[in-house]
Amino acid sequence: MIHESDSEDSGSETEGAIRLEPVKPDDINTGFNFGQTNKVDPAKEAHKKKLKQIYVLVSRCVAYPFTTKQSSDRGYRYMNINEHVLSKMKESFRKYLASPENTLKNPMFLESVNWFYKVFLTSDRALAMTKSGGYTTKDFQHVFKKKFHQLVCQLPDDTGFAGIEMLSQQQQQQLPEEELELPVEEESGESEEETEDEDLEGFEVVNKEDVSPGVAVASDWSWVSAHDTDHLYALNEWITEYDKIVTESSEEHDRRLTGTEGQLNKNQLYTLFQNILEVSQYEHKLLFNAMQLNNIDEQAAAVRRELDHRFAKVNSGEKPPYQFIYQDMAAQYREEERKWVRELQDKHNNPMKADVNQMMITDALEKVGKSQPCKHDFVLNFKIEVEVMEVRGMAGLKGVAPERKCFCLMDVEGQTNKVLTTNLVPQNNASWTDKAEFLTKAPLPSVRVRLHVETHNPLLFEGRPIAKNFFKPKPETLSDRPQWTDMESEVELGVGAVELPNKSYCLQIKTCVKMDKPENMKLGGYLYISGTSHWQKWKQRYLVLVQVGHVTFCLCSYRERQATPSEMLTLEGYTVNYYTPDTTTPEEDARFQFRLLKEGEEVTCGAKDSPTQQMWVNAIYRATGQTTRPEKSDLMRGSDVNDIRKAGLDPLISNQPCKLNQDDLFRTLQGLTLNYRMTKESTACRGWLSTGQEFVLEEYASRYGIRYLTVHCTYLSELIRYAQEGYVIDPNKFRDLFKNCCNYIQGKTSEDGLWTVTKEEFENFFEVRGQLKTLLMSNITNFRIRFPFGRPENALKTTIKLLEQVLTHKIELNVDLPQLIDYGQNKEYDMLSLACRKQIMKCVEEGAYINYLQISKSALKQTSDDVLHCPTTEDMLYLADACIEFLNETQEHYMEAFLVYDRMICDMNETIWSLYGVDMESFLVTLKCGCPEILQLYNKLNSYFYKQQELRYGKSHMYLHKVFAPHIVCYLELEEETLKEDLDEALERETWLHCSEDFSCSAVQQVVASVKNIQKLVAELRWPDRTFAEHLSCRTQNTTAEMFAYFVSQVYGILQCYSRTQRSVVTPMTVLPDEVCVMLNSCVTIQQHAGELCGNNTTTTSDGYSYRTDINDLLTDKINAMFEFSCGQLCQCLVNLLGKLARYDKHSIFSPLLMLVQPKLSIVEPLFSHIRQNNVQIKQEIHPNATQRFFLFWYSCLLSRIEGWLDDRENIDLHPFQLAAVSIIFKTLFNEFSSQGLSEDVLRNDMYRKVHNRIEYEETMNTLNIDQTYTYGYDEGSTLRVDDQGREHDEDEF
């Protein structure tokens, strides 16, 4: 159902027609004055009259064009994006980023989406783009594509595109194949201006299978190399995913317009210029009928009259209305006018006539074949429900047996194949609950209900008829209430009919008949109607308003019991309004009338009362889709002649066009058309008129003699005004208009030598050229605002080229020669070109200054009284980031436009950084020397300069080093001073518990991290002066060596102090403390880092400074001393055991006493237990790289103790027990340390050989001097025995 609120969508315009804004009711009375006493502004009335005069001329051009044809190229334009769509896009991208389902997407794609949302959509320039009215969703998509293009280009060369696939393999397996197929955008023709001006940002999306190996892909993916085409499929997936996000917020803005951009028919052109010139539809109908715009012959005669009057005016010798730049141009002007009129007459009379009328013939065929549906194109299906409830009066019937039952038959006349019957009921209780349903196509059907009684006569198979009744339901009168009606006798049927007792006897039946209205029937009822070509006789008919299409409605008249309308009228193009005739209508049921108007058509209807009239008017108003709501007013009374006279339109129609000021009228028409195009339409036109608008303006200018320069110069002036107001204007349009004006001024458009230029035109041209020059220079200066993110495509490049043409195209008036000189083609061109380049360079420099002021204003937080706060580090960092972002954006979006000028971008960058240097220098003055914030700022700036090839070692880069050098040196000095203090504090707090994988302490991590940070800081400085850079590097290495040496020395002292404080009797159960292990590990770790951070040799720089870098030797000596000290503490157990064995010396006084008790070799077991426990401790706690070194030191220390003990008894023979014990200890030590991984070459050192020889000597002497072998067993509970090699075995093995 189409309700009244949907009237805008149910208009009668043909498919593709433009949608117009509703006209206010007050606008209907524009230009009408029926005795009103209100004061009227004469200026406003004159302006309204002027607009109506223009519309009269325009309507003639639309009705009968003969000089111009509409372009067949459909100029597609996208709808501009507004603030509402921008807010919806922000919300869509915010939800996308917040959705946890999207976390599995490619990180690079998410980074692009995050940048697009946070940097682009939320920026002020994006909001300004929506307000300028010239940007579309395709421009936004291009910005997104540029971003991930930049990300892909940052990938390493060996990475390719393998890492940028958007969906994982699992996700691709879950998607059906149809979703993986990428849509291909259809190719479409473009208008000539769009082909030259801009790329419509369309790109060809291809399937992976369609890409042949080694073939580069065109379109926007031209930056993808040929061997990477296999990965193009993944890149296209990014655009598909982006489109899914945007579709939710701007679906209607992605559709291409076909109404205002393509060819328009006459009705669409009329409606378009009604809105442009503020003419109501009713006024258009009056003018249409008065001027007979649908009559081709009348319009052709009007053209002939116009040309005759114009030709007569030229031949009359009347003085031209213009002042020319040369006196002889007046005669040329008359000849030029005669030629112009002859060309128009030739076009009208001879070869162009068929083409001239082709548009009208096409419109007529389109109206007949498309807008006029046939009677059989639609069907109305009605559902009738009949319910018979009760019959009264059956008891008085004669000739009917009481036991006979009665029933009812029901049918619709015309449907003999469907007769329904009720149940049989007794006569004394004739009531039913049965319902019958019928389907019919007639709006006025006739339902018949017959009462019958049963009979046994085989000839009367339907029973004996008694009475009947006819019902005529209507779909507009629905009632559920049952009604009693009288039935008619069927005695006329003859044999078998039941005769009623008398004529006054009446049977009554109670029924309920309902008829449903179909969906496509909007209204129905009886009206009086008559028209010009339909219903030519004024009489009452049953009319039905039928919807036969989505926006197509018909008014049909029906007769009773007919399914096909007798006559029908398509409401497309009609306008309905209330109507009061001049004379009183004699019919009482037709007093309330309304009228339907169309070009050449008029239909008048009459209703019986005002509600019916209003109901029909509202229904037809919704069906026609007219923009003006019908109102009951005095304007809608009387005939067309009276209306035209009252509206003051008669003199406007009768005015001769040649006597009007056509230049002024055309300027008004062109200005209003461009204003409607720029402000009222939602198309991103960028200064280009639509096909229909351009067609009408060209036809008007050619038909009414508008001068060529007036057309283009006025158009150019209007576009400049809109550009100054902030609208987006295509520079290509500026270029074309300026080129046309220059060609005309120089006479290049004249083929036969007839060429005239008025003084007004000449002055206007130079005035407009000056305005254009100022505008172009302003656009180049403010290119970041005028062309945000490089949009429109190539607009800045075209602007620069156009400014070159404006500056180098010098035109002067030469009094001696009747021509204008173009200095762009002679020897002065080089001088002008050089001045042009300087002018453009000046614009760019001013732009850099303006952009920096805008950036610094937001970064440095200027107050309202323009007093600058003292900048902080955060302000300078933010300002540096803003400058870098601005320059990167310039490099990305505007580099191509400035490539024609050498070093223009470089000079602009130097200007930006020189301005930044002023603020930076004032900031550094406020900081203390050695402030750490300086490094952060320096590294950011220096890294940027190194990445930019054109800025590296440039003026700004060297100035940066000069300013920061003293601060960097001072900072390093402070870092070196604080490093030792931090180390002392760390050692004081140290608990000597390992806290890392290398078993070192936290102090080691701190000192290593500190020196690494210093060296990294110096390395990241990348100082351009190599000598100074080497000086800083050697200085940090020397500082590192000193810190490491100092650390090891301090740890050695701590180790000694720890041993003194923890000194106690060393027992066999004593193991190496964990704290000592951590100390040793820390020193070993320091030594490892020293080889990396301190170098290996002494370095002498070119300035004479020498730095000691052989720190490894120093650290090795210190660590060996610590190992030796620690092993000496562990050897105390062996020393104690050897002291006990010394009591068995032969010269000792205790030896005889000790020999009374047989000694046992179990005395050495605690030593072996001590060694094994410490070996385990060493393996677990000592750094793996130092374990073997420590074992070697301990082994050597143990052997040295044994060697010393044997050297003390060099001249004394060993007691057999001593010899056995020492031999077991010596051999067990060899086996134990050999099992720890020490090689035999290392174990069999000089001390080993010396001890081994002494033991062998003593064993030999013992064997020679003693006949019996001393057996020194163990305790009864021990089973340990030692063989000749000193190995321990269980006694069961012997």
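Residues numbered from 1 in each chain as written. Predicted model: local features only at pLDDT ≥ 70, side-chain atom pairs only at ≥ 80, totals over all residues. Heavy atoms only, no water.

Here's the deal with the sheet that holds strand S4 (residues 435-440)
Piece 1. Within the open sheet, the 8 strands sit side by side as S3-S2-S5-S6-S7-S8-S1-S4. Their pairing is antiparallel. The strands lining the two open edges of the sheet, one partner per strand, are strand S3 (420-421) and S4. (Pairing = 2+ DSSP bridges. Helix = DSSP H or I, 4+ residues; strand = E, 2+ residues; numbered from the N terminus.)

Considering the pairing of strand S5 (residues 447-453)
Piece 1. When you tally the buried positions in S5, you get 6 out of 7 residues, the bulk of the element.
Piece 2. Judged from the 7 bridges that link them, strand S2 (residues 406-412) and S5 form a sheet pairing that is antiparallel. For Phe407, the partnering residue across the bridge sits in S5 and is His452.
Piece 3. As judged from the 7 bridges shared by S5 and strand S6 (residues 464-471), these two strands associate in the antiparallel manner. Looking at S6, one finds that Val453 is bridged to Arg464. (Buried < 20%, exposed > 50% of the residue type's maximum accessible area, 1.4 Å probe, protein only.)

Description of the sheet that holds strand S15 (residues 601-607)
Piece 1. Reading across from one edge, S12-S11-S10-S9-S15-S14-S13 is the order of the 7 strands in this open sheet, with antiparallel pairing throughout. Edge positions in the sheet fall to strand S12 (567-570) and strand S13 (575-579), since each has one partner strand and no second. The sheet shows a mean angle of 35° between the axes of neighbouring strands, direction not considered.
Piece 2. In this sheet, S15 lies alongside strand S9 (residues 521-531) in antiparallel orientation, the contact comprising 4 bridges. Of the residues in S15, the one forming a bridge with Tyr528 is Gly606.
Piece 3. In this fold helix H11 (residues 281-291) packs onto S13 and strand S14 (592-598), with an angle of close to 65° to the strand it touches most, S14.
Piece 4. Along the sheet, helix H16 (residues 610-624) contacts S9, strand S10 (539-547), strand S11 (553-558), S13, S14 and S15; its crossing angle with S14, the most-contacted strand, is approximately 20°. (Axes fitted to C-alpha atoms, helices over the stretch in contact; angles between N-to-C directions. Contact = heavy atoms within 4.5 Å.)

Remarks on the pattern of salt bridges
Piece 1. Under the definition given, this model contains 37 salt bridges.
Piece 2. For the salt bridge of Arg1035 with Glu976, the shortest nitrogen-to-oxygen distance reads 3.0 Å. Linking Arg1035 in helix H32 (residues 1026-1061) with Glu976 in helix H30 (residues 955-989), this pair joins segments that are 59 residues apart in sequence.
Piece 3. Close ionic contact of Glu1232 with Arg1172 constitutes a salt bridge, the shortest N to O distance being 2.9 Å. Here Glu1232 is found in helix H39 (residues 1216-1235), whereas its partner Arg1172 is found in helix H37 (residues 1165-1181), with 60 residues between them in sequence.
Piece 4. Where salt bridges share partners, they join Asp139, Arg686, Arg791 and Glu793 into one cluster. (Salt bridge = Lys/Arg side-chain N within 4 Å of Asp/Glu carboxyl O.)

Notes on the packing of aromatic side chains
Piece 1. Tallied over the entire structure, the rule returns 35 aromatic pairs.
Piece 2. An angle of 50° between the planes, with centres 5.1 Å apart, marks the rings of Phe93 and Phe116 as tilted. Residue Phe93 is found in helix H2 (residues 83-98), and its partner Phe116 is found in helix H3 (residues 107-121); the two are separated by 23 residues along the sequence.
Piece 3. Given a relative accessible area of 0%, Phe93 falls into the buried group.
Piece 4. Look at Phe116 and you get buried, because its relative accessible area is 0%.
Piece 5. Aromatic side chains Phe1123 and Phe1193 sit 5.9 Å apart centroid to centroid with 75° between the ring planes, which places their arrangement in the edge-to-face category. With Phe1123 in helix H34 (residues 1111-1130) and Phe1193 in helix H38 (residues 1187-1208), this pair connects stretches of sequence that are 70 residues apart.
Piece 6. Here a set of aromatic residues connected by ring pairs shows up, and it is made of Phe93, Phe116, Phe120, Phe140, Phe144 and Phe789.
Piece 7. Positioned above the aromatic ring of Trp484, the side-chain terminus of Arg392 is 3.7 Å from the ring centre. (Phe/Tyr/Trp six-rings, centres within 6.5 Å; stacked < 30°, edge-to-face > 60°. Lys NZ or Arg CZ within 6 Å of the ring centre and 35° of its normal.)

With respect to unusual backbone geometry
Piece 1. Cis geometry is adopted by the peptide bond preceding Pro792, which originates at Arg791 and carries an omega value of -5°.
Piece 2. You will see that Gln292, though not glycine, has its phi angle at about 55°, which is positive.
Piece 3. Its identity is not glycine, yet Tyr953 carries a phi of approximately 60°, on the positive side.
Piece 4. With respect to the helices and strands, Tyr953 occurs in the loop between helix H29 (933-947) and H30.

So, H3
Piece 1. In a regular helix each residue adds 1.5 Å, so 15 residues correspond to 21 Å; H3 covers 20 Å between its end C-alpha atoms and thus fits that length.
Piece 2. Listed in full, the buried residues belonging to H3 are Met108, Phe109, Leu110, Ser112, Val113, Phe116, Tyr117, Phe120 and Leu121. (Expected span 1.5 Å × (residues − 1).)

What to know about the packing of helix H21 (residues 708-724) against helix H22 (residues 731-745)
Piece 1. Contact geometry for H21 and H22: axes closest at 9 Å, N-to-C directions at 145°. The handedness of the crossing between H21 and H22 comes out as left-handed. Note on element contacts: H22 touches H21 through Lys733, Phe734, Leu737, Phe738, Asn740, Cys741, Tyr744 and Ile745, opposite Tyr708, Leu709, His712, Cys713, Tyr715, Leu716, Leu719, Ile720 and Ala723. (Left-handed = near helix turned anticlockwise from the far one by under 90°.)

Looking at the pairing of S10
Piece 1. Within S10, 7 of the 9 residues are buried, which leaves the element mostly enclosed by the surrounding structure.
Piece 2. Bridge analysis of S9 against S10 gives 8 bridges, and the strand direction is antiparallel. Opposite Gly525, over in S10, you have Leu543 as the bridge partner.
Piece 3. The pairing of S10 with S11 spans 6 bridges and is antiparallel. For Val544, the partnering residue across the bridge sits in S11 and is Cys556.
Piece 4. The loop that links S10 with its antiparallel partner S11 comprises 5 residues.

Observations regarding the confidence of the model for the chain
Piece 1. Residue-level pLDDT values for the chain average 76, and 76% of them are 70 or greater.
Piece 2. Least confident of the elements in the chain is helix H7 (residues 177-180), whose mean pLDDT is 35; most confident is S11, at 93.
Piece 3. Throughout residues 1-37 the model reports pLDDT below 50, and contacts reaching past four residues in sequence, or to other chains, amount to 81 contacts.
Piece 4. The model gives residues 252-259 a pLDDT under 50, and that stretch makes 24 contacts with residues more than four places away or in other chains. (pLDDT = per-residue confidence, 0-100.)

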